[in-house]
Amino acid sequence: MKKLVPHAIALAVLATAAASANAQSTLTVFGLMDLSVNSVKNGSTTTKSMDTAGLNTSRIGFRGTEDLGGGLLAGFWLEAGVSGDTGGAGGGTGYNSSNASTTGFFNRRSTLSLSGGFGEVRLGRDYTVNFNVSGKFDAFGANGFGNGANLYANKSPFDKSSTATTMGAASALRVNNAVSYFLPKDLGGFYGQVQVGAPEGVAGNGYKGGLFGYAAGPVDVAFSYSQIDVFTSDKLKTTNLGGSYNFGVAKVYALYNQSKYGALKYTTYELSTSVPLGQGEFRASYGKGNAEGGTAAFNNSDATLWGLEYLYNLSKRTAVYAQTGSLKNKGASAMSVGGLGDATGAKSTGYGVGVRHMF
Amino acid sequence: MKKLVPHAIALAVLATAAASANAQSTLTVFGLMDLSVNSVKNGSTTTKSMDTAGLNTSRIGFRGTEDLGGGLLAGFWLEAGVSGDTGGAGGGTGYNSSNASTTGFFNRRSTLSLSGGFGEVRLGRDYTVNFNVSGKFDAFGANGFGNGANLYANKSPFDKSSTATTMGAASALRVNNAVSYFLPKDLGGFYGQVQVGAPEGVAGNGYKGGLFGYAAGPVDVAFSYSQIDVFTSDKLKTTNLGGSYNFGVAKVYALYNQSKYGALKYTTYELSTSVPLGQGEFRASYGKGNAEGGTAAFNNSDATLWGLEYLYNLSKRTAVYAQTGSLKNKGASAMSVGGLGDATGAKSTGYGVGVRHMF
Amino acid sequence: MKKLVPHAIALAVLATAAASANAQSTLTVFGLMDLSVNSVKNGSTTTKSMDTAGLNTSRIGFRGTEDLGGGLLAGFWLEAGVSGDTGGAGGGTGYNSSNASTTGFFNRRSTLSLSGGFGEVRLGRDYTVNFNVSGKFDAFGANGFGNGANLYANKSPFDKSSTATTMGAASALRVNNAVSYFLPKDLGGFYGQVQVGAPEGVAGNGYKGGLFGYAAGPVDVAFSYSQIDVFTSDKLKTTNLGGSYNFGVAKVYALYNQSKYGALKYTTYELSTSVPLGQGEFRASYGKGNAEGGTAAFNNSDATLWGLEYLYNLSKRTAVYAQTGSLKNKGASAMSVGGLGDATGAKSTGYGVGVRHMF
């Protein structure tokens, strides 16, 4: 038997006599498979590969809500990343990543919420406030060759710095052991979140951040700031500022990220756009990364990025796409848009075609 | 669309023409998320943390039954522990724990059953008969700062003993490769189980145990006994005896566990109670651990424990709670109620508040 | 509530107003639990064990399809192996196996497909064309003591060869990063598949293969061939040829597999049959492995295998079974039908009884 569904498939749940009148509930199994065939050239090395996150990152998850009455809702969300090309699932991504072998299955999100007129209190592993801004104001949504996160997520100048290893500008993607409070949804367009993550005795795991934004009609702007106890000696301070305007014929995004660790500073800028074209959409981006305050090598670790993407929706849930993007490293900068080989001081260029299916 | 549901959500299953008349079936996706914010002081070290098992251990699972006709049922059960605070899932807990990196996802239970008028034959990984008694006759259900398992599950005197490492009194929580037989349910209140786990060539993995009990009206009493081939030279022998009586205004539990390995003997006693208070419940416990038959240090590894907990049910599935508990170690005893730091010969005290949601 | 279902349980999916008219979809949670109690004697070592793949390999998965209109379908399939005896899940099996700790959960299959009148394009991790032949033309379906894969899947002469380690004849079971094209289903009984797996810069991971077959009425025959870049110096070339004929009173299968690596050659032959007996089925097999082209020890690594199995269907989804099988190694051959201990130049014989339940 088949029925009509949109994006995600909500599972029918059964009534039972024992249920109280206000215990209304949903349980949803949901996910996404994205597989693409790519060619990436880093410096002089070309790699052909199958990848699993071209348009969106592949995933599978379980989520549900319960209506507790009086406007109060309980909700849980468990979501695992999937490597559709090899069958992998889970594993850590980003800051505080739970990448120990058996402890990171639901690596994308693992939360429990109580929400109501007061807003939402959310506990567990979740996106940081930083990514809630930096991922939102990028036409590529932090996926694909042309997405702005390529300027900071992987081998950024900060990753190469011995004092803040693995901590790039907005690569504080997710945080464990976090308590978040979200403002209520009906504040005349204003929205906000504060987020605190317990260090649990580990230097570098403590997290404190907040975001504040305004969305109304075609306009959306937001700002976020966080501090991470990278080491006891100093903190990693990350600022994100983004805005988008929907002109109808095109939506335009602007994004500014800056991370500071002592005197070291790494800043990225990105402009991107999405243009609806019938059942399809065209996207373009241009970004820049600038390192300051360190050694000559660090300061010379600048980079530029551009990307182009076209996707065609076969349905609301299934799309085919083609994309390209190129990142040009200066000096000691060694970032890439994917693939193997060394792109230090050189170009990293990718081409790919793929399919994305949401369920 | 939302429908009324109780504790677990049974998924609607579809009829098809090919199905024979007696092949009636259910498939259920179920789980639980429990997240709490805690402060634990061990000796002089205080740790603030988010944890995931205050009231019940977080989990997700899949189970189902098939009616084979003639009163015969087939059933499977696959259940993974979840670390809601970090997104972890699976990994080993307890005896025979399958904690190798990729081999313990459904670490809580992985069974296949045939049941009917004759009782039930159950194959796979499951709770031991020991835990089927020791977990049942504790008002805290083996979770939280005040639960009696804190006296044996972690760093118990047996865990510290070189001859029976990692084998505490009732910490034989789960067993792999087990065949269990359960008595039929209609024996006038009597119930029982025998359980054998294949060693598969590994010294220490062989398990043999049984339990027998009686439950009628307000009374429930049970006894269990097991032998584990810890090493070829001797066996770890564990005895559990528990009882509960429901007075209506309160339910009272008593529990006695004893493990012996050669001359070494470790015994715990626990009294606990749960008191219904409108939509809420109050729980209290007091327990004691006593080591004998070893070195002076071993014999001095005694401990006492008390706990208090209040939970308020927002619905049948969602509760908020507050709890505290304290474990006092004597001599070389180094047990704790959680947290970091060393509690050898000192106190381990925890405070926490949390939310638990069943789905 | 229970409803009639066959083999797998399709979950009811909900209609929503936002769904377009042609976005019809299914999402299915499916799986299988198989647990058996076995005794295996390898040489002089006898092991009693519980195992989880006697009749079929235990598993759990999620799959779905979406009708895109115009005869086009999108489909995904995520399937994890399960060790029902210990609760394990995932981990690598076979060639290109993704056995790194966190990257192989959906180790059995992880694919995304677009299909229509043109056939099917399938991306991701899947069975190789080799196994699509060698698993199909074996009455035991590559499970159990008597299945022909015991002659090549584990410790085959190729596995012991330093030049083609871990690459047995048809042990190229699954391949990562693969693009497959399947012929349409309505070609008068002819069917076929070509499959290419990207090496992604790793010598030994590149895969190219194809299969072609014909099935009509009682007849089914197929041929497959593949090349694996084991090392840059040479390729592992595998050929499979199989056929079956259904006489009604019995179905008879014949299978030939050959792997070549340079001058080394390992060939297996298998004849097997399944005989329906009321609600049950009887199966028997006889097979032979022959090594050539290497050292005297390699060339002497021959083996013979026979197996017997009886299964009784309690329903369409649940069966009980008993099986036995024996593999006789010559010379340096060290293959086994399971269990512990060394069977080099000796016999490996197993006996078992089990239950298999599909959901």
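No experiment lies behind these values; they were computed from the predicted model shown.

*Asks:* It is not clear to me how the overall build of chain A should be interpreted in this structure. Could you clarify?
*Replies:* Within chain A, the regular secondary structure consists of 3 helices and 20 strands. A buried classification covers 57% of the 359 residues belonging to chain A. A sequence separation of at least 24 residues applies to 56% of the contacts in chain A between residues at least 6 apart.

*Asks:* I tried to follow the packing of aromatic side chains on my own but got confused; where do I start?
*Replies:* Pairs of aromatic rings are described using the distance from one ring centre to the other and the angle between the two planes. Applying the stated criterion to the full structure yields 30 aromatic pairs over all chains. Taking 5.8 Å as the distance between ring centres and 65° as the angle between the ring planes, the aromatic pair formed by Phe 62 of chain A and Phe 62 of chain B counts as edge-to-face. With Phe 62 of chain A in strand 5 (residues 59-69) and Phe 62 of chain B in strand 5 (residues 59-69), this pair bridges two chains. On the basis of relative accessible area, Phe 62 of chain A is assigned to the buried category, the value being 5%. When the ring of Phe 76 of chain B is compared with that of Phe 359 of chain C, the centres are 3.7 Å apart and the planes differ by 15°; the resulting orientation is stacked. Here Phe 76 of chain B, found in strand 6 (residues 72-83), pairs with Phe 359 of chain C, found in the segment after strand 20 (347-358), and the two come from separate chains. Each member of the pair, Phe 76 of chain B together with Phe 359 of chain C, is buried. An aromatic cluster of at least three residues, connected via ring pairs, comprises Phe 105 and Phe 106 of chain A, Phe 105 and Phe 106 of chain B together with Phe 105 and Phe 106 of chain C. Arg 109 of chain B extends its terminal NZ or CZ atom over the ring of Trp 77 of chain B, reaching a point 4.1 Å from the ring centre.

*Asks:* So what exactly am I meant to see when it comes to the nonpolar core here?
*Replies:* The nonpolar side chains of a soluble globular protein tend to be buried, and buried together. In this structure, Phe 62 and Phe 106 of chain A, Phe 62 and Phe 106 of chain B together with Phe 62 and Phe 106 of chain C are the most contacted members of the largest nonpolar core, which totals 63 residues. Apart from the residues within four sequence positions on either side, Phe 106 of chain A is in contact with Phe 62, Leu 78, Glu 79, Ala 80 and Arg 125 of chain A together with Ile 60, Val 82, Gly 87 and Ala 89 of chain B. Counting residues in hydrophobic clusters, the runner-up holds 17 residues, among them Leu 151, Leu 305, Met 335 and Val 337 of chain B.

*Asks:* What's the story with the pattern of salt bridges in this structure? I'm lost.
*Replies:* Working definition: two side chains of opposite charge can pair if their charged atoms are close together. Applying the stated criterion across every chain yields a total of 24 salt bridges over all chains. Between Arg 283 of chain C and Glu 281 of chain C there is a salt bridge, with the nearest N and O atoms lying 3.0 Å from each other. Linked through salt bridges whose partners overlap, the residues forming this network are Arg 109, Glu 120, Arg 122 and Asp 126 of chain A.

*Asks:* What am I meant to see in the environment of Ser 274 of chain B here?
*Replies:* Examined against the element boundaries, Ser 274 of chain B turns out to sit in strand 16 (residues 264-277). Considering only alpha carbons, one finds Ser 274 of chain B and Ala 250 of chain B, 24 residues apart in sequence, at a separation of 5.7 Å.

*Asks:* It is not clear to me how unusual backbone geometry should be interpreted in this structure. Could you clarify?
*Replies:* Glycine aside, negative phi is the norm for most residues, and most peptide bonds take the trans geometry. All names here are of chain B. Despite not being glycine, Asn 177 shows a phi value in the positive range, around 55°. On the secondary structure map, Asn 177 appears in strand 10 (residues 174-182). A relative accessible area of 5% places Asn 177 in the buried class. In this structure, Glu 200 takes a positive phi of about 50° despite not being glycine. Mapping Glu 200 onto the fold places it in the loop between strand 11 (190-197) and strand 12 (207-216).

How each quantity is defined
- Residues numbered from 1 in each chain as written.
- Chains lettered and ligands numbered in written order.
- Predicted model: local features only at pLDDT ≥ 70, side-chain atom pairs only at ≥ 80, totals over all residues.
- Heavy atoms only, no water.
- Helix = DSSP H or I, 4+ residues; strand = E, 2+ residues; numbered from the N terminus.
- Buried < 20%, exposed > 50% of the residue type's maximum accessible area, 1.4 Å probe, protein only.
- Contact = heavy atoms within 4.5 Å.
- Phe/Tyr/Trp six-rings, centres within 6.5 Å; stacked < 30°, edge-to-face > 60°.
- Lys NZ or Arg CZ within 6 Å of the ring centre and 35° of its normal.
- Core = buried A, V, L, I, M, F, W, Y, C linked by side-chain atoms within 4.5 Å.
- Salt bridge = Lys/Arg side-chain N within 4 Å of Asp/Glu carboxyl O.

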